[in-house]
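# Reading the structure
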Amino acid sequence: MLDIQKIREDFPILSREVNGKPLIYFDNAATSQTPQVVIDAIVDYYSNYNANIHRGVHTLSQEATDAYEEARLKIQRHFNAKEAHEIIFTSGTTHSINLVANGFASFLNKGDEVIVSALEHHSNIVPWQMLCERTGAHLKVIPINQEGELLMDVFDNLLSSKTKLVFVNHISNALGTINPIEEIIQKTHKVGAVILIDGAQACPHIKPDVQALDVDFYVASAHKICGPTGVGMLYGKQEWLNKLPPYQGGGEMIKEVTFEKTTYADLPHKFEAGTPNIAGGIAFGAALDYMNAIGFDVIAKYEKELLDFGTEQLLAIDGLKIYGTSRQKTSVISFNITGIHPYDIGTIIDKLGIAVRTGHHCAQPIMDFYKIPGTVRASFAFYNTKEEIVKLAEAVKRAQQMLS
Ligand SMILES: *Cc1c(COP(=O)(O)O)cnc(C)c1O
């Protein structure tokens, strides 16, 4: 059982007011809020041992290096990677995906095929389009049904010996659909292709086991898992990380540099050019500790309750339609009300202290599929309450009355 009131006290921002009303934060799919222990980890770093890592022999540098590498171990344990050097620190999901897409440019040939899903975030579409343009490979798309679920029989037909890469998100940020990634990974491997799973939206709700999944690449951002912005991770199987060329050149990623030839550092440093977000990496580790202390089973169970309750409350409103009704979904509710632009609802309920996201949620192809300009998206986290959801439903009703 979760003691929600106690958990809410861990998050300083949850006690602030917005427009004279207590903040109700339902934009968790865009970024999560930050508990005091994570804020403390950042403050502690800058207050007590701020130094560059992996270089200095002095005490501060060693302390910083130890804390940063300890964070890498926490991430390794969290995702159950076999080796610590299979975890690469990045600036976030977008960076992780670009790193892999760029690396595959040297392995793809004209006529090869790359498969993405119709549920992807722009950051899991555009880098692959750029890769296809560079290499002459073709981009294929797994379509969805009205519920917002991937059409797996079409996926079966898309797969062939021409398929080289498959990219799918674990959970859709726009609709909340949980994709059957175990099946997708197995089928991808059967045709000898490589798979990357975008876990940005899954990691706040699920603890993935990269070895059990047998996934080639798995990526996530700290800021959606109670960590800071500007830091994330790339898990890659060692064999693939060794094969991929470095993404950026610079300090930290080299063994030896002469003007004739440079040799690259071993994993993970080969992919970590330049001074990283040291405080961010350490705070990422603190965020995982915080979430694991609560427990992902407990979190998932409570969020399912919030999802069911929120769905019921919102569907009681006349003319309200929910987009994304997969039976396997997480605590994201994307909706519209007949005749009202999502932006107008978002603006009015912000006056009542409620933060939701409106628009295409970086997933325009999904909006095109439903032939809508966007949705209002309320996304719940484990620190939200049913009372807040009741207030959301009341606020949406009020907006509806004002706008119609
Ligand atoms: C948020 C998100 C991203 C992008 O993450 P950044 O931290 O902005 O790089 C990618 N994919 C999904 C599914 C997301 O939810």
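Note that this is a predicted model, so its numbers are computed, not measured.

### Structural notes on the site of the ligand
Around the ligand sit T93, T94, H121, S123, N173, D198, A200, Q201, S221, H223 and K224, and those are all the residues in its vicinity. Between a nitrogen atom of the ligand and a side-chain N or O atom of D198, the distance comes to 2.6 Å. Within the complex, 86% of the 380 Å² of free accessible area of the ligand lies under protein.

### Comments concerning the side chain of R8
Considering the arrangement of structural elements, one finds R8 in helix α1 (residues 4-9). Among the residues examined, R8 registers a relative accessible area of 15% and is labelled buried. A polar contact is formed between the side chain of R8 and the side chain of E388, at a distance of 3.3 Å. Beyond its immediate stretch of four places on either side in the chain, R8 contacts L14, Y383, N384, T385 and E388.

### Quick notes on helix α3 (residues 59-79)
End to end, α3 covers 30 Å across 21 residues, agreeing with the expected 30 Å (1.5 Å per residue, within 8%). Residues of α3 that are buried: S61, A64, T65, A67, Y68, A71, R72, I75, Q76, H78 and F79. Positive backbone phi, approximately 55°, marks N80, located one or two places after α3.

### Some points on the sheet that holds strand β4 (residues 87-90)
Within a sheet, adjacent strands bond to each other through the backbone by hydrogen bonds, running parallel or antiparallel. Sheet architecture is open: seven strands sit in the order β4-β10-β9-β8-β7-β5-β6, paired in mixed fashion. One side of each edge strand has no neighbouring strand; the edge strands of this open sheet are β4 and β6 (138-142). This sheet shows a mean twist of 20° between the axes of neighbouring strands, independent of strand direction. Bridging between strand β8 (residues 194-198) and strand β9 (residues 217-221) involves three bridges; their strand directions are parallel. In the strand pairing of β9, D198 is matched with V219. Its contacts with the sheet put helix α4 (residues 93-104) on β4, β7 (163-169), β8, β9 and β10 (232-236), and the angle it makes with β9 is roughly 150°. Relative to the sheet, helix α5 (residues 126-135) contacts β5 (113-117), β6, β7 and β8, its axis offset from that of β6 by approximately 150°.

### Thoughts on the sheet that holds strand β13 (residues 320-323)
On the basis of which strands lie adjacent, the open sheet formed by four strands has the order β13-β14-β17-β16 and antiparallel pairing. Whereas interior strands pair on both sides, the edge strands pair on one side only; in this sheet they are β13 and β16 (357-359). Between one strand and the next, the sheet's axes are offset by a mean angle of 30°, whatever the strand orientation. As judged from the four bridges shared by strand β14 (residues 332-337) and strand β17 (residues 375-379), these two strands associate in the antiparallel manner. Across the sheet, F335 pairs through a bridge with V376, a residue of β17. Strands β13 and β14 of the sheet are contacted by helix α11 (residues 296-315), whose axis makes an angle of about 5° with β14.

### Observations regarding unusual backbone geometry
Note that the residue after L267, namely P268, is joined by a cis bond; omega there is 0°. Take P268: it is sitting in the loop between β12 (262-264) and α10 (278-294). Phi angles above zero are rare outside glycine, and K371 is one such case at about 55°. Position of K371 among the secondary structure elements: in the loop between α13 (364-370) and β17.

Rules used in this analysis
- Residues numbered from 1 in each chain as written.
- Predicted model: local features only at pLDDT ≥ 70, side-chain atom pairs only at ≥ 80, totals over all residues.
- Heavy atoms only, no water.
- Near = heavy atom within 4 Å.
- Polar contact = N/O pair within 3.5 Å; in protein donor to acceptor, adjacent residues only side chain to side chain.
- Areas by Shrake-Rupley, 256 points an atom, 1.4 Å probe, with all protein chains shown as cover.
- Helix = DSSP H or I, 4+ residues; strand = E, 2+ residues; numbered from the N terminus.
- Buried < 20%, exposed > 50% of the residue type's maximum accessible area, 1.4 Å probe, protein only.
- Contact = heavy atoms within 4.5 Å.
- Expected span 1.5 Å × (residues − 1).
- Pairing = 2+ DSSP bridges.
- Axes fitted to C-alpha atoms, helices over the stretch in contact; angles between N-to-C directions.

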